Amino acid sequence: MIEFVNASKTYGDVVALADFSAVVPSGTITVLMGLSGSGKTTAVRMVNKMVIPSSGAVLIDGVDIAAQNAVTLRRSIGYVMQDIGLLPHKTVLDNVALIASIAGQSRETARRNAREMLTLVGIDAASFGRFPRQLSGGQQQRVGVARALATKPNILLMDEPFGAVDPIVREDLQDELLRIQRELKLTVLFVTHDRQEALKLADQLIVLSQKGRIEQSGTPRELTKKPANAFVRKLLGV
Ligand code: ADP
Ligand code: MG
């Protein structure tokens, strides 16, 4: 379980996130949805200490992460961004295995886990030796997900991970994510501004307006049936 407790972040005069409090239950998908600039990325990056709160706290399983070593913490947290940033001169297998070896797995274990995770996300063994540019955008995104899973994390942070792929591939990736999340019982914090994606993936949907202000949270059904206000209604298109 991830808990944000009055988490705030300011950069000089700029408020990126103000007083954000939310719970991401274990083994479920929580989707953060909101307009650009509403603090979604800031909130997500607080979980793996890429952003340190100016005030407030983030707790994982009841423990404040402020005192935890960031490198150790990141081993239990996978992170997928829109711009996946695969290493262009490394093979697909090496891209995934590298992360696991950095995290301390032996070369053999790292490669075994990499093969396992690549298979899990639907990459054919014939592609393991290819370079990222030889794959389609959708396949590269799958490799990005495999890489995030290489250290066998129980938390997966996904920040608009499928934004750059075409709609049909995107639906496949969403289906794969749902399957993998169930299989590995992952705790997923997923950011999107796509309403269909949000409604499809979310166990819990949190709608943000400016600076991380929560307009409403609940199941997609609750929000679409009873939107709290005009902002939620408009964002969800109901
Ligand atoms: P979102 O992901 O919802 O688009 P962000 O969390 O990236 O929003 O940003 C929220 C606000 O904080 C934006 O107005 C953004 O410009 C600002 N911001 C984010 N990171 C920084 C930074 N490193 N320095 C200055 N301002 C930032
Ligand atoms: Mg963002």
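In the block above lies the structure referred to throughout.
Keep in mind the model is a prediction, meaning the values are calculated, not measured.

*Asks:* Can you help me understand the sheet that holds strand β10 (residues 214-218) in this one?
*Replies:* Hydrogen bonds along the backbone pair up the strands of a sheet, which may run parallel or antiparallel. Spatial strand order, β6-β7-β8-β3-β9-β10: six strands in an open sheet with mixed pairing. Lying at the two open borders of the sheet, with one neighbouring strand each, are β6 (77-81) and β10. Direction aside, neighbouring strands of the sheet carry axes that sit 15° apart on average. Two elements, β6 and strand β7 (residues 155-159), share five bridges in a ladder whose sense is parallel.

*Asks:* Mind showing me how you'd approach the pattern of salt bridges here?
*Replies:* Side-chain pairs of opposite charge can arise where the charged atoms are in close proximity. Across all of its chains, the model carries eight salt bridges by this definition. R111 is the salt-bridge partner of D94, the closest N and O atoms lying 3.0 Å from each other. Of the two residues, D94 sits in helix α3 (residues 92-102) while R111 sits in helix α4 (residues 107-120), which places them 17 residues apart along the sequence. Owing to a relative accessible area of 19%, R111 belongs among the buried residues under this scheme. Ionic pairing is found between R179 and E176, a salt bridge with its closest N-O pair at 2.7 Å. In this pair, R179 and E176 both sit in helix α6 (residues 167-184), three residues apart, roughly one turn of the helix. Residue classification places R179 among the partly exposed residues on the basis of a relative accessible area of 34%. The network of salt bridges with shared partners includes R142, E176, R179 and E183.

*Asks:* Just checking my understanding: could you explain the sheet that holds strand β5 (residues 63-64) for this structure?
*Replies:* If you walk across this open sheet you meet the four strands as β2-β1-β4-β5, and the pairing is antiparallel. Because the sheet does not close on itself, it has two edges, and the strands there are β2 (14-24) and β5. Where strand β1 (residues 2-11) lies against strand β4 (residues 55-60), five bridges are found, and the strand directions are antiparallel. Each residue of the ladder has a partner; that of I2, found in β4, is I60.

*Asks:* Looking at this structure, I do not really get the packing of helix α5 (residues 137-149) against α6. What am I missing?
*Replies:* Pairs of packed helices are described in terms of their axes, by the angle between the two and the distance that separates them. For the pair α5 and α6, interaxial distance at closest approach is 10 Å and the crossing angle is 20°. One element, α5, and the other, α6, form an angle in the roughly parallel class. The hand of the α5/α6 crossing is right-handed. Contacts between α5 and α6 involve G138, Q141, R142 and L149 from the first element and V169, D172, L173, E176, I180 and L184 from the second.

*Asks:* Is there a simple way to think about the environment of R142 in this case?
*Replies:* Looking at the secondary structure, you find R142 in helix α5. By relative accessible area, R142 is classed as buried at 14%. In the structure, R142 is positioned 20 residues away from G122 in sequence and 7.4 Å away in space, judged by C-alpha atoms.

*Asks:* Help me understand the site of ligand 1 in this model?
*Replies:* Around ligand 1 sit Y11, V14, A16, L35, S36, G37, S38, G39, K40, T41 and T42, and those are all the residues in its vicinity. Within the contact set of ligand 1, an oxygen atom lies 3.0 Å away from a backbone nitrogen or oxygen of G39. For ligand 1, an oxygen atom lies 2.8 Å from a polar atom in the side chain of K40. In isolation ligand 1 offers 560 Å² of accessible surface; the protein chains occlude 61% of this area. Every element with two or more residues in the shell around ligand 1 is listed here: β2 and α1 (40-47). No other element matches α1, which puts three residues into the shell around ligand 1.

About the criteria used
Counting starts from 1 at the beginning of each chain's written sequence and moves along it residue by residue. Note on labels: chains are lettered from A, ligands numbered from 1, in written order. Local features in this predicted model are restricted to residues whose pLDDT is 70 or higher, and side-chain atom pairs enter the listing and the counts only when it is 80 or higher, whereas totals over whole chains, interfaces and linings include all residues. As a convention, hydrogens and water are excluded, and side-chain values are obtained from all of the structure's heavy atoms. A pair of strands is labelled paired if DSSP reports no fewer than 2 bridges between them. Where helices and strands are cited, they refer to DSSP runs of H or I of at least four residues and of E of at least two residues respectively, numbered from the N terminus. All axes are obtained by fitting lines to C-alpha atoms, using only the stretch in contact for helices, and the reported angles, taken between N-to-C directions, cover 0 to 180 degrees. Take a side-chain nitrogen of Lys or Arg and a carboxyl oxygen of Asp or Glu: if they are within 4 Å of each other, that pair is a salt bridge. Per-residue accessibility, obtained with a 1.4 Å probe over protein chains only, is compared with the maximum for each type, and a residue is labelled buried under 20%, exposed over 50%, and partly exposed between these values. For classification purposes, angles smaller than 35 degrees are called roughly parallel, those larger than 145 roughly antiparallel, those between 65 and 115 roughly perpendicular, and all remaining angles oblique. The hand of a helix crossing depends on one turn: near helix anticlockwise from the far one by less than a right angle means left-handed, and clockwise means right-handed. Any pair of residues with heavy atoms lying within 4.5 Å of one another is described as a contacting pair. If a single non-hydrogen atom of a residue is within 4 Å of a molecule or strand, that residue counts as near it. For the purposes of these results, a polar contact is taken to be a pair of N or O atoms within 3.5 Å, where, inside protein, one atom must be able to donate a hydrogen and its partner to accept one; residues adjacent in sequence count only when each atom of the pair is a side-chain atom. Values of accessible area rely on a 1.4 Å probe in the Shrake-Rupley scheme; residue burial ignores everything except the protein chains shown.

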